[in-house]
Amino acid sequence: MSEAPLAAIRSLPSWLLGRAAARGRSLVAGALAVEGVKMWSHVVLSAVRDLAPVAQADLGRSVGLDPKDLVGVLNELQSAGLVVREPDPNDRRKNAVSLTTDGERLLERCERAAREANDALLAPLTAAERELFTALLAKISGTDR
């Protein structure tokens, strides 16, 4: 009898990480959808909170989003009353983005939903395994500073 189909591929760490990432994204996207928020909107809201007031170009670079795509996300967020774009206090030729009070409240709910989704993703692991797994992911992703 031969190996199960794709056994060689399915044993590769890169394939397993991809599957875990897809499951994680699906869980988080579903949790955010309950709040009416898309993944990129959550990322942008979080970055604005951490960096505000932040120039639009700097915001795009910080989250790795193409400027055209960022404009679309910001237009949606501004239309919903979640962010404001005002002249940058450091350079009046640029726009700076900040959260509104409604944006802050929504971000808090989204962060709670994302944490719960990640808890569901890691539910098969013990607390010690979760800590080790997260540290190892940070290490191989180059974000373990």
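Residues numbered from 1 in each chain as written. Predicted model: local features only at pLDDT ≥ 70, side-chain atom pairs only at ≥ 80, totals over all residues. Heavy atoms only, no water.

K.L.:
Give me the sheet that holds strand β2 (residues 83–88): which residues, what numbers.
P.N.:
Within a sheet, adjacent strands bond to each other through the backbone by hydrogen bonds, running parallel or antiparallel. With antiparallel pairing, the three strands of this open sheet are ordered in space as β1-β3-β2. Only two strands of the sheet have a single partner each, and these edge strands are β1 (54–55) and β2. Pairing analysis gives six bridges linking β2 to strand β3 (residues 91–99), with the strands arranged antiparallel. Bridge pairing links Arg-85 to Val-97 in β3. (Pairing = 2+ DSSP bridges. Helix = DSSP H or I, 4+ residues; strand = E, 2+ residues; numbered from the N terminus.)

K.L.:
Tell me about unusual backbone geometry, and name the residues and values.
P.N.:
In this structure, the amide linkage connecting Ala-52 to the following residue, Pro-53, adopts the cis form with an omega of -10°. Tracing the sequence through the fold places Pro-53 in the loop between α3 (39–51) and β1.

K.L.:
Go over the side chain of Gln-56 with me, naming the residues and quoting the values.
P.N.:
As for its placement among the helices and strands, Gln-56 is situated in helix α4 (residues 56–63). Judged by its relative accessible area of 17%, Gln-56 falls in the buried class. With near-sequence residues (within four places) excluded, Gln-56 lies in contact with Leu-70, Val-71, Leu-74, Arg-85, Asn-95 and Val-97. (Buried < 20%, exposed > 50% of the residue type's maximum accessible area, 1.4 Å probe, protein only. Contact = heavy atoms within 4.5 Å.)

K.L.:
Mind laying out the pattern of salt bridges, listing which residues take part and the relevant values?
P.N.:
This structure, assessed with the given rule, holds nine salt bridges. Residues Arg-49 and Glu-111 are paired through a salt bridge, measuring 2.7 Å at the closest nitrogen-oxygen approach. Highlighted residues: Arg-49 in helix α3 and Glu-111 in helix α6 (residues 101–121), separated in sequence by 62 residues. With a relative accessible area of 37%, Arg-49 lands in the partly exposed category. Among the ionic pairs, Arg-61 bridges to Asp-58, the shortest N-O distance being 2.4 Å. (Salt bridge = Lys/Arg side-chain N within 4 Å of Asp/Glu carboxyl O.)

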